[in-house]
Amino acid sequence: GDIWSTEPPRQANTQASTSDQSQEFLGFLMINDPILGQSVGLTASRERRLTQMIEEWEARRPTAEAELGGARARADPKDLASLLGHLVFASEVVPEGRIYMQGMLRQFAGLEVDWMHGRVRAKAGLWGQVELTPSFWRDLAWWSSAIGSAQCKPMQPKAAGEAAVTGTDASDLSLIHI
């Protein structure tokens, strides 16, 4: 199919022109906008896939009443690692995304995760499902809202200003004896 599109992804609080060109590259959408500049975002298909994955995980959550009674959802560590792998990818363009994965990562306590090779194993040799804690659900709720609103960031951050290195004429003060 044609890799050029006239529809850039949404960016928080901005409207991009539909006449701009964008190109998909390694799962990201590279955007060249005369107003916003060059930016990178998630492709529409990746956004849909992440949204679907998040909704499937949200459906696993026990009711609030059941949680108050101590009920916790459980998950296979490999399934959880798969979700986190997709979110790590998306966090490249979702502002603050890495911050809102810390509660999810805590679910792996007692497990060794080889992110590079996609392997999960128990440290003590005991394999089982992991309990999904409230911090997991808080992070998931954040991601659910973030995926739909802010999955695009500038390729080159705006300059915050200029800095100057200056000296002082008080350098001889260390020679003063009291």
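Residues numbered from 1 in each chain as written. Predicted model: local features only at pLDDT ≥ 70, side-chain atom pairs only at ≥ 80, totals over all residues. Heavy atoms only, no water.

**Examining the confidence of the model for the protein**
What counts is decided by this rule: The score called pLDDT rates the predictor's confidence residue by residue, from a low of 0 to a high of 100. Note on contacts: a residue pair qualifies if any of its non-hydrogen atoms lie within 4.5 Å across the two residues.
Taken residue by residue, the protein gives an average pLDDT of 76. The fraction at 70 or more is 71%. Across residues 1-19, where pLDDT falls below 50, the model places 38 contacts with residues more than four positions away in sequence or in other chains.

**A few points about the packing of helix 3 (residues 77-90) against helix 5 (residues 134-147)**
The following threshold applies: Axis definition: a line fitted to C-alpha atoms, limited for helices to the stretch in contact. Angles are taken between N-to-C directions and run from 0 to 180 degrees. Only runs of H or I of at least four residues qualify as helices and only runs of E of at least two qualify as strands under DSSP, and these elements are numbered from the N terminus. The cut-offs work like this: below 35 degrees is roughly parallel, past 145 is roughly antiparallel, 65 to 115 is roughly perpendicular, and the gaps in between are oblique. Handedness of a crossing is defined here by the sense of rotation of the near helix relative to the far one, left-handed for an anticlockwise turn of less than a right angle and right-handed for a clockwise turn. In the scheme used here, Gly and all other residues not listed as nonpolar or charged are polar, with Ala, Val, Leu, Ile, Met, Phe, Trp, Tyr, Cys and Pro taken as nonpolar and Asp, Glu, Lys and Arg as charged.
Direction vectors running N to C along helix 3 and helix 5 enclose 40 degrees, while the axes themselves pass 13 Å from each other. With respect to their mutual orientation, helix 3 and helix 5 come out oblique. Note that helix 3 runs across helix 5; the crossing there is left-handed. Seen from helix 3, the contacting residues are Leu80, Leu83, Leu87 and Ala90; seen from helix 5, they are Phe136, Leu140 and Trp143. Grouping the constituent residues of the contact of helix 3 with helix 5 by class yields 7 nonpolar, no polar and no charged.

**Considering the pattern of salt bridges**
Threshold: Each salt bridge in this description consists of a side-chain nitrogen of Lys or Arg and a carboxyl oxygen of Asp or Glu lying within 4 Å of one another. Remark: exposure states derive from per-residue accessible area (1.4 Å probe, protein chains only) relative to the maximum for the residue type, with buried under 20%, exposed over 50%, and partly exposed in between.
Counted under the stated rule, the structure contains 4 salt bridges. Between Glu67 and Arg61 there is a salt bridge whose closest N-O contact spans 2.9 Å. Residue classification places Glu67 among the buried residues on the basis of a relative accessible area of 17%. The partner of Arg74 in a salt bridge is Glu131, with the nearest N and O atoms 3.9 Å apart. In this pair, Arg74 is assigned in strand 5 (residues 74-75) and Glu131 in strand 8 (residues 130-131), connecting sequence segments 57 residues apart. A relative accessible area of 39% means that Glu131 is categorised as partly exposed. Through salt bridges with shared partners, a single ionic network connects Arg72, Arg74 and Glu131.

**Here's the deal with the packing of aromatic side chains**
In plain terms, the rule: Ring pairs shown here join Phe, Tyr and Trp side chains whose ring centres sit within 6.5 Å, with only the six-membered ring taken for Trp; geometry is labelled stacked below 30 degrees between planes, edge-to-face above 60, and tilted in between.
The tally for this structure, following the rule as stated, stands at 5 aromatic pairs. An angle of 10 degrees between the planes, with centres 4.3 Å apart, marks the rings of Phe28 and Phe89 as stacked. In this pair, Phe28 sits in strand 3 (residues 28-33) while Phe89 sits in helix 3, placing the two residues 61 residues apart along the sequence. A relative accessible area of 23% means that Phe89 is categorised as partly exposed.

**Considerations on the environment of Asn32**
With respect to the secondary-structure elements, Asn32 resides in strand 3. Expressed as a C-alpha distance, the spacing of Asn32 and Gln21, which sit 11 residues apart in the sequence, is 5.9 Å.

**Considerations on the packing of helix 1 (residues 44-58) against helix 5**
Across the interface, helix 1 lies against helix 5 with an axial gap of 10 Å and an inter-helix angle of 150 degrees. As judged from the angle between their axes, helix 1 and helix 5 are roughly antiparallel. Judged by the sense of rotation from one axis to the other, the crossing of helix 1 with helix 5 is left-handed. Of the residues in helix 5, those in contact with Glu47, Leu50, Thr51, Ile54, Trp57 and Glu58 of helix 1 are Phe136, Trp137, Leu140, Trp143, Ser144 and Ile147. For the contact of helix 1 with helix 5, the class distribution of residues is 8 nonpolar, 2 polar and 2 charged.

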